Amino acid sequence: YQRRVHGQFDKRQFDLYECVRNVMSMVKSYAVRFNVDVKLDLDPALPYAVFGDELRLSQVFTNLLTNAVKFANMKLGKVEFRLELIKCHNSVALIRASVKDNGCGISQQDIEKLFIPFTQLHNHNSSRIGGTGLGLCISKEIAEAMEGNITINSTVGKGTEVVFTFNIGLHDAPIQEPDIQFECNVTVDTSREPIELTPISKDMPSILVVDDNLVNCKILEAIVKRYLMCNISCVLSGADAISVMCNDYFNCILMDMHMPEMDGAMVTELLMEKWSKGEIPTKPVVIGITADGSSSVRNKCLSSGMIDVLIKPVNTQNLLELLMKYVPILKTKD
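Residues numbered from 1 in each chain as written. Predicted model: local features only at pLDDT ≥ 70, side-chain atom pairs only at ≥ 80, totals over all residues. Heavy atoms only, no water.

**Remarks on the overall build of the protein**
- Per the secondary structure count, the protein includes nine helices and 14 strands.
- Of all 334 residues assigned to the protein, the portion counted as buried reaches 51%.
- When contacts within the protein are restricted to residue pairs at least 6 apart in sequence, those whose partners lie at least 24 apart make up 72%.
- For the protein, the exposed surface amounts to about 16100 Å²; the carbon and sulfur share of it is 49%. (Helix = DSSP H or I, 4+ residues; strand = E, 2+ residues; numbered from the N terminus. Buried < 20%, exposed > 50% of the residue type's maximum accessible area, 1.4 Å probe, protein only. Contact = heavy atoms within 4.5 Å. Areas by Shrake-Rupley, 256 points an atom, 1.4 Å probe, with all protein chains shown as cover.)

As structure tokens, then:
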């Protein structure tokens, strides 16, 4: 793991309300796995035409919300997401975002561990949670780069509140004023949803992202969609990746190494075995993604059949260069 967030911001005008709407849509598809009710509360004073890096802001929002969903009460899970304007000064808005859950809470001793790379807390939810323990570390870096911070308040047995403050530029260009009454309450059941892939256009190359962490999937998807002309789909497990590859063709797979049940190396080995038996018509092109940059992990990736490796947090330029290298028919957007 390397601290590489600073200097990677792509600032542009965007609609803050639309950003939040998109995040809530992502969280809905994730919350279905945990039977959690997610509610949104927006301060009517929030600006909507802003200037900054929408992708990075969405990354923090989604990470905090998916963490809350994972650790909410297993029987009656509730998560509250609130955004409020603190102040505006010199065309900059200071905004406070808070995410509350009704889970088991975290001790002060454990709170201090949360911002240490590769650290994960273990509780009654641990068996259903994957990940590397990097999400909060990266989110905190993003917050600090936005002249803000992330703090955690928790009471054991009652729940946790994570507060994210950040500065964002105000933009004078007109954006259609949003309807702040849009529906954001998410109530779901415990049944697993079937795999739903983005419809694929046969006229463009296709990329598959395999990662059990929804945040990572959506960030990679957003980067690729922003810069490249291609189809991109995401699945949240190795088993789903194998099922999809046996039925559809993808020019390249972005494969996370650290997943529960089957890690990325095992999934790649199984895909290569199926290719050798003729069950997959074309040899899969797999790029591994890992937070562990050690030579032993890189060798494990390559020996499994992966063609190259990216280190988290993923650098946009490195990602695009590797995709263009191994999928030469890819074209960039103007």
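After that view of the structure, there is still more to cover.
**Here's the deal with helix H5 (residues 214-227)**
- In this model, H5 (14 residues) spans 20 Å end to end at C-alpha, consistent with the 20 Å of a helix rising 1.5 Å per residue.
- Listing the buried residues of H5 in full gives Leu-214, Val-215, Cys-217, Ile-219, Leu-220, Glu-221, Ile-223 and Val-224. (Expected span 1.5 Å × (residues − 1).)

**A few points about the environment of Gly-169**
- Along the chain, the position of Gly-169 falls in strand S7 (residues 159-170).
- Taking the C-alpha atoms as reference, Gly-169 lies 9.6 Å from Arg-12; in sequence the two are 157 residues apart.
- Beyond its immediate sequence surroundings of up to four residues, Gly-169 is in contact with Val-50, Phe-51, Ser-91 and Val-92.

**Brief notes about the packing of helix H1 (residues 16-31) against helix H2 (residues 54-71)**
- Following both chains from N to C, one finds H1 and H2 inclined at 35 degrees, their axes separated by 10 Å at the closest point. In this structure, H1 meets H2 at a crossing whose hand is right-handed. Every residue of H2 that contacts H1 at Leu-16, Cys-19, Val-20, Asn-22, Val-23, Met-24, Met-26, Val-27, Tyr-30 and Ala-31 is listed here: Glu-54, Leu-57, Ser-58, Phe-61, Thr-62, Leu-65, Thr-66, Val-69 and Lys-70.
- Taken together, the residues of the contact of H1 with H2 sort by class into 13 nonpolar, four polar and two charged. (Axes fitted to C-alpha atoms, helices over the stretch in contact; angles between N-to-C directions. Left-handed = near helix turned anticlockwise from the far one by under 90°. Nonpolar A, V, L, I, M, F, W, Y, C, P; charged D, E, K, R; others polar.)

**Quick look at the pairing of strand S12 (residues 286-290)**
- Counting buried residues in S12 gives five out of five residues, a clear majority hidden from the surface.
- Where burial is concerned, the two faces of S12 agree: the one with Val-286, Gly-288 and Thr-290 and the one with Ile-287 and Ile-289 are both buried.
- Where strand S11 (residues 252-256) and S12 come together, four bridges link them in parallel fashion. Bridging across to S12, Met-255 finds its partner in Gly-288.
- Handedness of the crossover joining S11 and S12 through helix H7 (residues 264-276) is recorded here as right-handed.
- For S12 and strand S13 (residues 308-311), the ladder comprises four bridges, and the chain directions are parallel. Following the sheet pairing, Thr-290 is matched in S13 by Ile-311.
- Handedness of the crossover is the feature at issue here: the chain leaves S12, passes through helix H8 (residues 295-304), returns alongside S13, and the resulting connection is right-handed. (Pairing = 2+ DSSP bridges. Right-handed = clockwise from strand over helix to strand, strands pointing away.)

**Quick look at unusual backbone geometry**
- One non-glycine residue, Asn-35, lies in positive phi territory at about 55 degrees.
- Within the element layout of this structure, Asn-35 appears in the loop between H1 and strand S2 (36-42).
- In this model, Ser-91 sits at a positive phi of 65 degrees, which is unusual for a non-glycine residue.
- Mapping Ser-91 onto the fold places it in the loop between strand S4 (77-89) and strand S5 (92-101).

**A look at the packing of helix H6 (residues 238-245) against H7**
- Between H6 and H7, the shortest axis-to-axis distance is 10 Å and the interhelical angle comes to 20 degrees. Considering their axes alone, H6 and H7 lie roughly parallel with respect to each other. Crossing handedness for the pair H6 and H7: right-handed. On H7, the residues that touch Gly-238, Ala-241, Ile-242 and Met-245 of H6 are Val-267, Leu-270, Leu-271 and Lys-274.
- Here the contact of H6 with H7 is composed, by residue class, of six nonpolar, one polar and one charged. (Parallel < 35°, antiparallel > 145°, perpendicular 65-115°, else oblique.)

**Brief notes about the environment of Ile-280**
- Examined against the element boundaries, Ile-280 turns out to sit in the loop between H7 and S12.
- Once the C-alpha coordinates of Ile-280 and Asp-248 are considered, the two residues, 32 residues apart in sequence, prove to be 9.0 Å apart.
- Once residues lying within four places of it in the same chain are set aside, the contact partners of Ile-280 are Met-245, Cys-246, Leu-271, Lys-274 and Trp-275.

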